[in-house]
Amino acid sequence: MTITDAQQLVDDWIKTYGVRYFSELTNMAVLTEEVGELARIIARKYGDQSFKESDKQYNLADEMADVLWVLICLANQTGVDLQKAFDENLEKKTTRDHNRHKLNEKL
């Protein structure tokens with residue numbers, strides 16, 4: 001599946017099951033909430049915090065998918081072609097950083 005396919009799939013789902021998109025501001029808040037849930041799992045699984053009983057319900061892959069879903073919603077409702085944006089961003093990073101990390105003594 002391409003990013004373009006994912007954007008269309010989310011748009012079709014919203015139109016079929018979701019009634020309409022939440023407002024951009026609401027979706028930005030939801031994205032922040034979902035990133036927080038992802039951060040909670042990462043902090044407990046890979047960081048120094050321990051899991052609480054209530055944390056055990058969270059699933060890393062599912063939380064990542066939630067972040068991706070809301071990001072795609074925001075892209076759809078603001079007219080951003082994420083495939084094009086990602087491709088251009090990758091090219092920018094490749095041009096700018098083609099030797100940066102190879103020459104980083106810390107790595």
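Notes on the structure follow.

Quick notes on the rules
- Residues numbered from 1 in each chain as written.
- Predicted model: local features only at pLDDT ≥ 70, side-chain atom pairs only at ≥ 80, totals over all residues.
- Heavy atoms only, no water.
- Helix = DSSP H or I, 4+ residues; strand = E, 2+ residues; numbered from the N terminus.
- Contact = heavy atoms within 4.5 Å.
- Salt bridge = Lys/Arg side-chain N within 4 Å of Asp/Glu carboxyl O.
- Buried < 20%, exposed > 50% of the residue type's maximum accessible area, 1.4 Å probe, protein only.
- Axes fitted to C-alpha atoms, helices over the stretch in contact; angles between N-to-C directions.
- Parallel < 35°, antiparallel > 145°, perpendicular 65-115°, else oblique.
- Nonpolar A, V, L, I, M, F, W, Y, C, P; charged D, E, K, R; others polar.
- Patch = residues over 30% accessible without salt bridge, like charges linked within 9 Å, V, L, I, M, F, W, Y side chains within 5 Å.
- Areas by Shrake-Rupley, 256 points an atom, 1.4 Å probe, with all protein chains shown as cover.
- Core = buried A, V, L, I, M, F, W, Y, C linked by side-chain atoms within 4.5 Å.
- Expected span 1.5 Å × (residues − 1).
- Arc of directions from axis to C-beta.

## Concerning the environment of Trp13
Along the chain, the position of Trp13 falls in helix 1 (residues 3-18). With 21 residues separating them in the primary sequence, Trp13 and Glu34 have C-alpha atoms 19 Å apart. Excluding residues that lie within four positions of it along the chain, Trp13 makes contacts with Gly18 and Trp69.

## Some points on the pattern of salt bridges
Applying the stated rule across the entire model yields four salt bridges. The salt bridge partner of Arg96 is Asp97, with a shortest N-O separation of 3.0 Å. Overall, the relative accessible area of 49% leaves Arg96 in the partly exposed class. Asp97 gets classed as buried once you look at its relative accessible area, which sits at 13%. Its salt-bridge partner being Arg100, residue Asp97 comes within 3.5 Å of it at the nearest N-O pair. Salt bridges sharing partners connect three or more residues here, namely Arg96, Asp97 and Arg100.

## Some points on the packing of helix 1 against helix 4 (residues 82-97)
Packing of helix 1 against helix 4 leaves a shortest axis separation of 7 Å and a crossing angle of 150°. The pairing of helix 1 with helix 4 is recorded here as roughly antiparallel in orientation. Of the residues in helix 4, those in contact with Ile3, Thr4 and Gln7 of helix 1 are Leu82, Gln83 and Phe86. A breakdown of the residues in the contact of helix 1 with helix 4 according to their chemical character gives three nonpolar, three polar and no charged.

## Considering a nonpolar patch on the surface
Taken together, Trp13, Tyr17 and Trp69 make up a surface patch of nonpolar side chains, about 360 Å² in accessible area. Residue classification places Trp13 among the partly exposed positions, given a relative accessible area of 39%.

## Structural notes on the nonpolar core
Ala6, Val10, Ile14, Tyr21, Ile72, Cys73, Ala75 and Leu82 together form the largest nonpolar core, which totals eight residues. For this core, the secondary structure elements donating two or more residues are helix 1 and helix 3 (60-78). Once residues lying within four places of it in the same chain are set aside, the contact partners of Ile72 are Ala6, Gln7, Val10 and Leu82. Counting residues in hydrophobic clusters, the runner-up holds six residues, among them Val30, Val67, Val70 and Leu74.

## Points about helix 2 (residues 24-45)
For helix 2, with 22 residues, the first-to-last C-alpha span of 31 Å sits near the 32 Å given by 1.5 Å per residue. Those residues of helix 2 that sit buried are Asn27, Val30, Leu31, Glu34, Leu38, Ile41 and Arg44. One face of helix 2 carries all of its buried residues, which in axial projection span an arc of 165°. Contacts made by the buried residues of helix 2 are with helix 3.

Any link to function would need more than the numbers given here.
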